[in-house]
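Chain by chain, the residues:
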Protein chains: 2
Amino acid sequence: MTYCIGLRLNKGLVFMSDTRTNAGVDNFSVTRKMFTWSVPGERMITLMTAGNLATTQAVVGLLEERSKTTQERNPTILEEPTMFQVARLVGSTLKEVIADSSEVGQDASSKFRASLIVGGQIKDGKPTLFLIYPEGNFIEVTEDSPFFQIGETKYGKPILVRAYDPDMSFEDAVKLLLVSFDSTIKANLSVGLPLDFSTYETDSLVPSDLIRFDADDPYYLSISNGWGDALRKAFHSLPSYAFEMPDDSVSRKT
Amino acid sequence: MTYCIGLRLNKGLVFMSDTRTNAGVDNFSVTRKMFTWSVPGERMITLMTAGNLATTQAVVGLLEERSKTTQERNPTILEEPTMFQVARLVGSTLKEVIADSSEVGQDASSKFRASLIVGGQIKDGKPTLFLIYPEGNFIEVTEDSPFFQIGETKYGKPILVRAYDPDMSFEDAVKLLLVSFDSTIKANLSVGLPLDFSTYETDSLVPSDLIRFDADDPYYLSISNGWGDALRKAFHSLPSYAFEMPDDSVSRKT
């Protein structure tokens, strides 16, 4: 499994991904799942990947290779005129790779599946995010659905739903994503540290730093340990159930 | 889907289940998933069910029917000498029902799957809980794993992991389970109100009341609304990330 989140804020975009890959619990390693292409001053595109590692590496490899062979007829990820066209290109590349791996058997395609989040901004357009399905189709973030998750999405979703705010700062967004990742890491062995993240400021059109949280990063540890205490405090701040007032609910013998 | 939790505390056992069943999102209804058998002063057994409704109703029906025909040779759920034997009986009944439904096709068995939590106490034994798999085998709670979840287990697990305490009161346990259910209900349409719960006090050996939280229950609403605020407060109590200190983490250009 994997866990990646792409978040759209009023200030810009935030991306975070874990780095664990595994083929069974007895075979795991660290791999980067966040990739950036940019033409400073003109475009910034970040891609995050979840799913079959051979598929996602092939997609990234093809996008990268084609971005360098500008002689070819088809526009590359560095030339597509809009983020929508970038998403179409990434989607069709993903579909192509999966179809290519699947030729050996009719049921094999499910094994080669992958999902992607692609986001960024191209000059004269707005910063945006797309979630790309293994079939090559995709959806875009909206005000009602301002973030995408891929991989092991469930454990870390409740805090995103409750604490996300489009006006939040990058500093708070990094904290929010760390809390969401920490809940997931504590529950699913296939999601693991280190964590990579990057932020993109609207209209900056420059590539952002990729920052990595290792397991001994002091800020990561302060969030991971602090969140347990903060959650327990939050829990104790709520009123306990009062058995003495059965009139509040329907009570009956079984 | 479904969501049920069985919790073992030092004081006793707590059970909570939702009541939503569905066959697609366009066909859902309310059904009880918590069932109790007892011989006051001698035993108290509670069963919760998740999975194919025809399977779980057949299991409950068979257990119920057989508990009334005491003439038969096989011991019933009201006669098994230990909770371990109760779990074996329930497991074999579940396996029998699934096998019976599966005869029509070789791949059909997965459609008829169900998981169960059975817990309670029999005189001279300790209160305990078992998680029963569709194959009829089962595991028992331990000090390290003091609760079981069945159905949609992921969204509601982080708070259980963080806030469970074996010494907690029933009043706090009900609050904990409501928070866990509320996180799940907000994320998965196939888990829904009303919620049923019951508590069992160690060595009481009497059936407990089954209490139902409807969507307009004031205590449920106070937890559901209060938890969002409490979570946000917990989130804001943690330090924000400081981009000004890149020395704390490995930073590099992509």
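Residues numbered from 1 in each chain as written. Chains lettered and ligands numbered in written order. Predicted model: local features only at pLDDT ≥ 70, side-chain atom pairs only at ≥ 80, totals over all residues. Heavy atoms only, no water.

Chemist: It is not clear to me how the environment of Ile 159 of chain A should be interpreted in this structure. Could you clarify?
Modeler: Its place among the elements puts Ile 159 of chain A in helix H3 (residues 157-163). Separated by 20 residues in sequence, Ile 159 of chain A and Val 179 of chain A have C-alpha atoms that sit 7.6 Å apart. Setting aside residues no more than four positions away along its own chain, Ile 159 of chain A makes contact with Tyr 164, Leu 176, Val 179, Ser 180 and Trp 227 of chain A together with Leu 231 of chain B. (Helix = DSSP H or I, 4+ residues; strand = E, 2+ residues; numbered from the N terminus. Contact = heavy atoms within 4.5 Å.)

Chemist: How should the sheet that holds strand E8 (residues 128-132) of chain B be read in this particular structure?
Modeler: Adjacent strands of a sheet pair through backbone hydrogen bonds, lying either parallel or antiparallel. Residues and elements named next belong to chain B. The antiparallel open sheet is built from five strands, whose spatial order is E5-E6-E7-E8-E9. Of all strands in the sheet, those with a lone pairing partner are strand E5 (34-39) and strand E9 (138-140), marking the two edges. Between one strand axis and the next, the sheet turns through 20 degrees on average, direction left out of account. Taken together, the nine bridges between strand E6 (residues 43-51) and strand E7 (residues 114-122) define a ladder with antiparallel strand orientation. (Pairing = 2+ DSSP bridges. Axes fitted to C-alpha atoms, helices over the stretch in contact; angles between N-to-C directions.)

Chemist: What am I meant to see in the pairing of E5 of chain B here?
Modeler: Regular strands place their side chains on alternate faces of the sheet. Residues and elements named next belong to chain B. Bridge count between E5 and E6: six bridges; the pairing is antiparallel. Following the sheet pairing, Trp 37 is matched in E6 by Ile 45. Adjacent in sequence and paired antiparallel, E5 and E6 are bridged by three residues, among which Gly 41 carries a positive phi angle near 85 degrees.

Chemist: Explain the sheet that holds strand E6 (residues 43-51) of chain A to me, please; I cannot follow it from the model alone.
Modeler: All names here are of chain A. Read from one edge of the open sheet, five strands run E5-E6-E7-E8-E9, paired in antiparallel fashion. Each edge of the open sheet is held by one strand with a lone partner, namely strand E5 (34-39) and strand E9 (138-140). Mean inter-strand twist for the sheet, computed between neighbouring axes without regard to direction, equals 20 degrees. Strands E5, E6 and strand E7 (114-122) of the sheet are contacted by helix H1 (residues 53-68), whose axis makes an angle of about 160 degrees with E6.

Chemist: How do you make sense of the packing of helix H4 (residues 170-185) of chain B against helix H5 (residues 218-237) of chain B when you look at a structure like this?
Modeler: Angle between the axes and distance between the axes are the two parameters that describe a pair of packed helices. Residue and element names in this part refer to chain B. Running from amino to carboxyl end, H4 crosses H5 at an angle of 65 degrees, the nearest separation of the two axes being 10 Å. Between H4 and H5, the interaxial angle falls into the category roughly perpendicular. The hand of the H4/H5 crossing is right-handed. Across from Lys 175, Leu 178, Val 179, Asp 182, Ser 183 and Ile 185 in H4, the residues of H5 making contact are Tyr 219, Tyr 220, Ile 223, Ser 224 and Trp 227. (Parallel < 35°, antiparallel > 145°, perpendicular 65-115°, else oblique. Left-handed = near helix turned anticlockwise from the far one by under 90°.)

Chemist: For this particular structure, what's the right way to read the relation of the copies chain B and chain A?
Modeler: With an RMSD of 0.0 Å, chain B superimposes on chain A once it is rotated by 180 degrees and translated 0.0 Å along the axis. Look at the turn and shift together and you get a two-fold axis relating the two. Within chain B, Tyr 155 of chain B has its C-alpha nearest the rotation axis, a separation of 2.4 Å. Mapped onto chain A, 98% of the interface residues of chain B are again interface residues, and the two copies thus contact each other with one and the same surface. (Least-squares fit on C-alpha atoms with pLDDT ≥ 70 in both.)

Chemist: What is the right way to read the confidence of the model for chain A from this model?
Modeler: Parts of the prediction with low pLDDT should not have their coordinates interpreted in detail. When the pLDDT values of chain A are averaged, the result is 91; 92% of them are 70 or greater. Ignoring residues within four places in sequence, the model shows residues 245-254 of chain A, a span with pLDDT below 50, making 23 contacts including any to other chains. (pLDDT = per-residue confidence, 0-100.)

Chemist: Would you mind going over the side chain of Asp 172 of chain B with me for this structure?
Modeler: As for its placement among the helices and strands, Asp 172 of chain B is situated in helix H4. Those residues in contact with Asp 172 of chain B that sit more than four places away from it in its chain are Phe 235, His 236 and Ser 240 of chain A.

Chemist: What is the right way to read the interface of chain B and chain A from this model?
Modeler: Often the size quoted for an interface is simply the accessible area lost on bringing the parts together. Listed by partner, the interface residues are 60 residues for chain B and 59 residues for chain A. With both sides pooled, the region where chain B packs onto chain A buries about 5,600 Å², and carbon together with sulfur makes up 61% of that total. The interface formed by chain B and chain A holds four salt bridges in total. Between Glu 152 of chain B and Lys 154 of chain A there is a salt bridge, with its nearest N and O atoms 2.8 Å apart. The interface formed by chain B and chain A includes 18 residue pairs in polar contact (both at pLDDT 80 or more). Secondary-structure elements contributing two or more residues to the side of chain B that touches chain A are helix H3 (157-163), H4, strand E11 (195-201), strand E12 (210-213), H5 and strand E13 (250-252) of chain B. (Buried area = accessible area lost by both parts, 1.4 Å probe. Salt bridge = Lys/Arg side-chain N within 4 Å of Asp/Glu carboxyl O. Polar contact = N/O pair within 3.5 Å; in protein donor to acceptor, adjacent residues only side chain to side chain.)

Chemist: Honestly, the nonpolar core in this entry has me stumped. Any pointers?
Modeler: Counting residues in each nonpolar core, the largest one holds 74 residues, and the members touching the most others are Phe 213 and Trp 227 of chain A together with Phe 213 and Trp 227 of chain B. Ala 87, Leu 89, Leu 94 and Leu 116 of chain A belong to the second largest nonpolar core, which has 24 residues in total. (Core = buried A, V, L, I, M, F, W, Y, C linked by side-chain atoms within 4.5 Å. Buried < 20%, exposed > 50% of the residue type's maximum accessible area, 1.4 Å probe, protein only.)

Chemist: I keep staring at the pattern of salt bridges and nothing clicks. Help me out?
Modeler: All names here are of chain A. Applying the stated criterion across every chain yields a total of 22 salt bridges over all chains. Between Asp 172 and Lys 175 there is a salt bridge, with the nearest N and O atoms lying 4.0 Å from each other. Taken together, the positions of Asp 172 and Lys 175, both in helix H4 (residues 170-185) and three residues apart, correspond to about one turn of that helix.

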